[in-house]
Amino acid sequence: MSNVWSSQISFQNGLLNLSGIAAPDLARDFGTPTFFLDESDFRSRAVSWKKALDESFGENAGSVYYAGKAFLCVEVARWVAQSGIGLDVCTGGELAVALAADFPVQKIQVHGNNKSVEEINRGIEVGVGTVVIDSLYEIERVAAAAKKYGKSQAVLLRVTPGIEANTHESIATAHEDVKFGFSIASGAAWGAIQALRVHPEIELRGFHSHIGSQILSTYAFGLAADRLVTLLTKYRDAFGEELPELDLGGGYGIAYLPGDEELTPIEVLPLLFDAVQQSCKKSNLKIPKVSIEPGRAIVGPTMFTLYEVGTVKDVVLESGEVRKYISVDGGMSDNIRPSLYGAEYTAVIANRVSNSELVLSRVVGKHCETGDIVIRDIQLPADIKPGDLLAVPATGAYGRSMASNYNHLPRPPVVAVFEGKARVILRRESYDDLLNLDV
Ligand SMILES: *Cc1c(COP(=O)(O)O)cnc(C)c1O
């Protein structure tokens with residue numbers, strides 16, 4: 001099951017070991033539940049997306065933007081900057097983290113389907129490189145902000161190319177019936193282009209699409225690229241000039257379960273280049289600079305969550321089968337994805353070898369909801385018991401970033417481990433943190 005663990009993880013005599021530190025030591029020093037982040041794995045993933053984009057697209061390589069919503073804190077924003085890639089933010093809060101990390105503003109791209117006037121003004125005031133336009137209101141707002149701060153603002157127009165990528169409905173964003181962007185098919189995108197062109201403060205650089213998340217089909221990305229190139233062609237034919245950029249978004253799938261596939265940069269980006277090149281050739285269009293926005297594919301595999309088992313209960317099902325309910329000291333507050341999207345994870349006992357038989361088990365949290373499930377069905381050793389450590393891999397994306405304080409659980413920390421040293425980069429919330437909000 002090595003494909004679900006980050007590169008610096010090994011197993012020795014049943015002990016999970018991250019960069020030389022064994023799970024029981026990590027638990028003793030940092031408590032549970034905790035997200036442990038394999039820093040060298042993060043850095044090498046960030047660099048490998050950039051390298052593969054540069055190699056596949058050559059002079060047509062745009063930027064890699066790390067999608068900060070997958071997981072962001074000040075330290076991670078620094079690593080992203082050090083890796084030479086850009087950052088995608090979609091709220092004023094994410095922008096504040098980037099600025100606190102002294103992230104190069106020119107390499108920040110601002111997203112969001114409902115950016116507030118304040119968020120737009122702040123972004124343009126500090127000099128973000130690109131704003132991705134998502135509504136007609138925003139065109140006016142961006143133009144007004146650019147005028148106010150005496151800038152010409154580079155923008156992309158977010159469009160929906162009408163593709164249903166094969167993924168869960170709440171993360172499939174590019175079919176037509178969605179809140180994001182402008183539909184190409186209905187003509188909405190064309191209307192927005194015309195509305196953009198009347199503003200001298202706005203420099204339209206090209207189009208953006210993000211067709212969903214956890215996508216494992218390169219074909220879907222190629223199809224999206226083709227539809228965007230068709231729109232670039234229509235633009236050239238109407239206005240006699242070519243727009244220089246496309247951004248094809250993120251969504252590259254990772255492995256969550258043993259045997260799962262993932263989309264690696266060296267697999268997907270050459271195919272993406274071929275798709276863009278062929279579409280451009282058809283229309284006799286110059287190949288635009290192409291940018292991408294991986295979030296999950298950079299941070300997802302780099303973290304695992306370490307829980308401690310609290311209680312274990314055998315429940316007899318109607319069929320007579322027994323299901324072992326294993327309760328851990330976190331749950332839907334640190335990983336909402338199973339209840340939100342039916343996402344699946346695996347887990348191992350991280351503190352010992354067990355030669356016990358495997359039995360039907362369900363890993364659940366400590367929240368007051370039946371749906372508080374970390375892993376719905378898994379085979380785990382029958383002798384699992386209170387005090388055991390359970391490690392759940394691939395929780396780096398949309399885990400801590402979607403964490404809540406449900407049941408007043410303090411949110412877990414993120415601990416980075418690098419070359420045999422572990423350090424907290426986002427501390428655990430305390431009861432004081434929670435009480436601080438009560439007036
Ligand atoms: C969420 C999102 C991403 C990142 O998606 P991943 O599945 O994490 O790669 C990129 N771009 C946009 C616009 C997004 O909304």
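Note that this is a predicted model, so its numbers are computed, not measured.

### Here we look at the side chain of Ser283
Inference 1: Looking at where Ser283 falls in the secondary structure, it is placed in helix 9 (residues 265–283).
Inference 2: Beyond its immediate stretch of four places on either side in the chain, Ser283 contacts Thr233 and Arg236.

### Notes on the environment of Gly93
Inference 1: Locating Gly93 in the fold gives a position in helix 4 (residues 92–100).
Inference 2: Take Gly93: its relative accessible area is 44%, and that puts it in the partly exposed class.
Inference 3: Linking Gly93 and Ile375, residues 282 residues apart in sequence, is a C-alpha distance of 31 Å.

### Considerations on the packing of aromatic side chains
Inference 1: For the structure shown, the criterion picks out 12 aromatic pairs.
Inference 2: Judged by centre distance (5.7 Å) and plane angle (15°), the rings of Trp190 and Phe239 are stacked. Here Trp190 is found in helix 7 (residues 188–197), whereas its partner Phe239 is found in helix 8 (residues 218–239), with 49 residues between them in sequence.
Inference 3: Given a relative accessible area of 15%, Trp190 falls into the buried group.
Inference 4: One aromatic cluster is present, built from ring pairs that chain together Trp5, Phe11, Phe30, Phe36 and Phe304.
Inference 5: Geometry around Phe239 places Arg197 over its ring, the cationic atom sitting 3.8 Å from the centre.
Inference 6: Directly above the ring of Trp190 sits Lys234, whose terminal nitrogen or CZ lies 4.3 Å from the centroid.

### Considering the pairing of strand 1 (residues 9–12)
Inference 1: With 4 bridges joining them, strand 1 and strand 2 (residues 15–18) adopt antiparallel strand pairing. Following the sheet pairing, Ile9 is matched in strand 2 by Leu18.

### Re the sheet that holds strand 2
The strands that make up a sheet pair up through hydrogen bonds in the backbone, lying either parallel or antiparallel.
Inference 1: Judged by pairing direction, the sheet is antiparallel, and its 3 strands sit side by side in the order 1-2-3 without closing on themselves. This sheet does not close on itself; its edge strands, each paired only once, are strand 1 and strand 3 (21–22).

### Examining the pattern of salt bridges
Inference 1: A complete count under the given rule lists 24 salt bridges for this structure.
Inference 2: Note that Arg28 is salt-bridged to Asp29, the shortest N-O span being 3.1 Å.
Inference 3: Residue classification places Asp29 among the partly exposed positions, given a relative accessible area of 48%.
Inference 4: Several salt bridges converge on common partners, so that one network encompasses Glu39, Arg43, Glu75, Arg78 and Arg423.

### Focus: the packing of helix 2 (residues 39–57) against helix 9
Inference 1: Interhelical geometry of helix 2 versus helix 9 gives an angle of 35° and a closest axis separation of 9 Å. Pair helix 2 / helix 9 crosses with right-handed handedness. Between helix 2 and helix 9, the contacting residues are Ser48, Trp49, Ala52, Leu53, Ser56 and Phe57 on the first element and Pro265, Ile266, Val268, Leu269, Pro270, Leu272, Phe273 and Val276 on the second.

### Regarding the domain arrangement of the protein chain
Inference 1: In terms of domain boundaries, the protein chain breaks down into domain 1 (2–38 + 301–435) and domain 2 (111–294).
Inference 2: Spacing between the C-alpha centres of domain 1 and domain 2 amounts to 36 Å.
Inference 3: Each side of the interface is counted separately: domain 1 has 10 residues, and domain 2 has 10 residues.
Inference 4: Between domain 1 and domain 2, the buried area comes to about 1,000 Å², and carbon and sulfur atoms account for 59% of it.
Inference 5: When the buried area of domain 1 at its contact with domain 2 is split by residue, Asn3, Tyr341 and Glu344 rank highest and sum to 45% of it.
Inference 6: At the junction of domain 1 with domain 2, the criterion picks out 0 salt bridges.
Inference 7: Grouping the amino acids of the side of domain 1 that touches domain 2 by side-chain chemistry returns 6 nonpolar, 2 polar and 2 charged.

### Looking at the site of the ligand
Inference 1: Near the ligand lie 14 residues; those nearest to it are Lys69, Ser213, Glu293, Arg296 and Tyr398.
Inference 2: In this structure, His210 approaches the ligand through a side-chain N or O atom, which is 3.5 Å from a nitrogen atom.
Inference 3: Residue Arg296 places a main-chain N or O atom 2.7 Å away from an oxygen atom belonging to the ligand.
Inference 4: For the shell around the ligand, a count of residues per class yields 3 nonpolar, 7 polar and 4 charged.

Cut-offs used in this document
- Residues numbered from 1 in each chain as written.
- Predicted model: local features only at pLDDT ≥ 70, side-chain atom pairs only at ≥ 80, totals over all residues.
- Heavy atoms only, no water.
- Helix = DSSP H or I, 4+ residues; strand = E, 2+ residues; numbered from the N terminus.
- Contact = heavy atoms within 4.5 Å.
- Buried < 20%, exposed > 50% of the residue type's maximum accessible area, 1.4 Å probe, protein only.
- Phe/Tyr/Trp six-rings, centres within 6.5 Å; stacked < 30°, edge-to-face > 60°.
- Lys NZ or Arg CZ within 6 Å of the ring centre and 35° of its normal.
- Pairing = 2+ DSSP bridges.
- Salt bridge = Lys/Arg side-chain N within 4 Å of Asp/Glu carboxyl O.
- Axes fitted to C-alpha atoms, helices over the stretch in contact; angles between N-to-C directions.
- Left-handed = near helix turned anticlockwise from the far one by under 90°.
- Domains from an automatic or database assignment.
- Buried area = accessible area lost by both parts, 1.4 Å probe.
- Nonpolar A, V, L, I, M, F, W, Y, C, P; charged D, E, K, R; others polar.
- Near = heavy atom within 4 Å.
- Polar contact = N/O pair within 3.5 Å; in protein donor to acceptor, adjacent residues only side chain to side chain.

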